[in-house]
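Structural overview
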Amino acid sequence: KPPGIYPTEIPVNILDDPKRNAEVLVYRALEKLAEIRCHVFYSCDWVDHREDPVPSGDGEADFIIAHADFGFLAIEVKGGLIGRNGNTGEWYRVKRDGMREGIKNPVNQARTSKHVILDQLKSGWGSNDFPYIRMKHAVVFPNSDRPALIDAFGASMPLSMFAFKQDMPDLGGYL
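Here is a short report on the structure shown in this document. Predicted, not measured: the structure shown is a model, and the values here were computed from it. Within any chain, residue numbers begin from 1 and follow the written order of that chain's sequence. Totals for whole chains, interfaces and linings use all residues, but because this is a predicted model, local features are given only for residues with pLDDT of at least 70 and pairs of side-chain atoms are given and counted only at 80 or more. For the side-chain quantities, the full set of heavy atoms in the structure was used; hydrogens and water were omitted.

As for the overall build of the chain
- What the chain contains, in helices and strands, is four helices and nine strands.
- For the chain, whose C-alpha radius of gyration is 16 Å, the value lies close to the compact-globule estimate of 16 Å for 175 residues.
- By its C-alpha atoms, the chain is 50 × 35 × 30 Å across when sized along the principal axes.
- Partly exposed residues are those whose accessible area sits between 20% and 50% of the maximum for their type, while under 20% is buried and over 50% is exposed, using a 1.4 Å probe and protein chains only. A burial count over the chain gives 40% of its 175 residues as buried.
- Accessible surface for the chain amounts to roughly 10500 Å². Of this, 52% is attributable to carbon and sulfur atoms. Secondary structure elements are defined from DSSP: runs of H or I of at least 4 residues count as helices, runs of E of at least 2 residues count as strands, and each element is numbered from the N terminus. The globule rule used here is 2.2 Å times the number of residues to the 0.38 power, and the radius of gyration it is set against is calculated over C-alpha atoms. Only the protein chains shown count as covering a residue, and every accessible area follows the Shrake-Rupley method with a 1.4 Å probe.

Things to note about the sheet that holds strand S5 (residues 81-84)
- As summarised here, the arrangement of the three strands in space is S5-S6-S7, forming an open sheet in which the pairing is antiparallel. The open sheet has two free edges, formed respectively by S5 and strand S7 (100-103), since each of these has just one partner strand. Within this sheet the neighbouring strands show an average axis-to-axis angle of 35 degrees, counted without direction.
- Any two strands with at least two DSSP-identified bridges between them are counted as paired. Across four bridges, the pairing between strand S6 (residues 91-94) and S7 is antiparallel. Its bridge partner lying in S7, Val-94 is registered against Arg-100. In this analysis, axes come from line fits to C-alpha atoms, helices being fitted only over the stretch in contact, and the angle between any two N-to-C directions falls in the range 0 to 180 degrees.

Details of the packing of aromatic side chains
- Ring pairs are drawn from Phe, Tyr and Trp, using the six-membered ring of Trp, whenever the two centres fall within 6.5 Å, and their geometry is named by plane angle: stacked under 30 degrees, edge-to-face over 60, tilted for the rest. In the structure shown here, the tally under the stated rule is 11 aromatic pairs.
- Here Tyr-42 and Phe-63 contribute two aromatic rings whose centre-to-centre distance is 5.0 Å and whose plane-to-plane angle is 40 degrees, an arrangement assigned as tilted. Of this pair, Tyr-42 sits in strand S2 (residues 39-47) while Phe-63 is found in strand S3 (residues 58-67), placing the two residues 21 residues apart along the sequence. With respect to class, Tyr-42 is no different from Phe-63; both count as buried.
- Taken together, Trp-91, Phe-141, Phe-153, Phe-162 and Phe-164 form an aromatic cluster joined through their ring pairs.
- Positioned above the aromatic ring of Tyr-92 is the side chain of Arg-100, whose terminal nitrogen or guanidinium carbon lies 3.9 Å from the ring centre. Working rule: Lys NZ or Arg CZ, within 6 Å of ring centre, within 35 degrees of ring normal, means a charge sits over the ring.

Some details on the environment of His-49
- Examined against the element boundaries, His-49 turns out to sit in the loop between S2 and S3.
- As for His-49 and Val-24, which are separated by 25 residues in sequence, their C-alpha atoms are 29 Å apart.

The following block contains the structure:
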């Protein structure tokens, strides 16, 4: 397939679902990456065939960006106002009533997607001639402001692996 975004249009059921608004914002921000020969895949389901799979055995990457020279990037998107409790490490979303709702760790989700996809590429390629592939994972919070503290999420999660509301106008250039 030529560089572009896939699917080429967002399905109506996703456009009509207010809970998917953040993904729609990111989709729109990534559409122009085809200009630099990127393949952008939205909502990529996967099955974990590794020796120690994720508990459910399956999952989904919100976005995968692939480029022949730069490798691939697995992205997890979380909408709403997102935060992390520094004492417990738990992630949460602030609901409209101000209460916190626990969410899955978005960094772990993106990292898992990255490793499952790499393992699937390796299994289909053959171990002796598998090329070096650059790969990274990232998280996008399109409705949340960038934290003021550079170490807001801790040493294992530098802010450079996150994109925030301020990054959305040039998200493709930021990632």
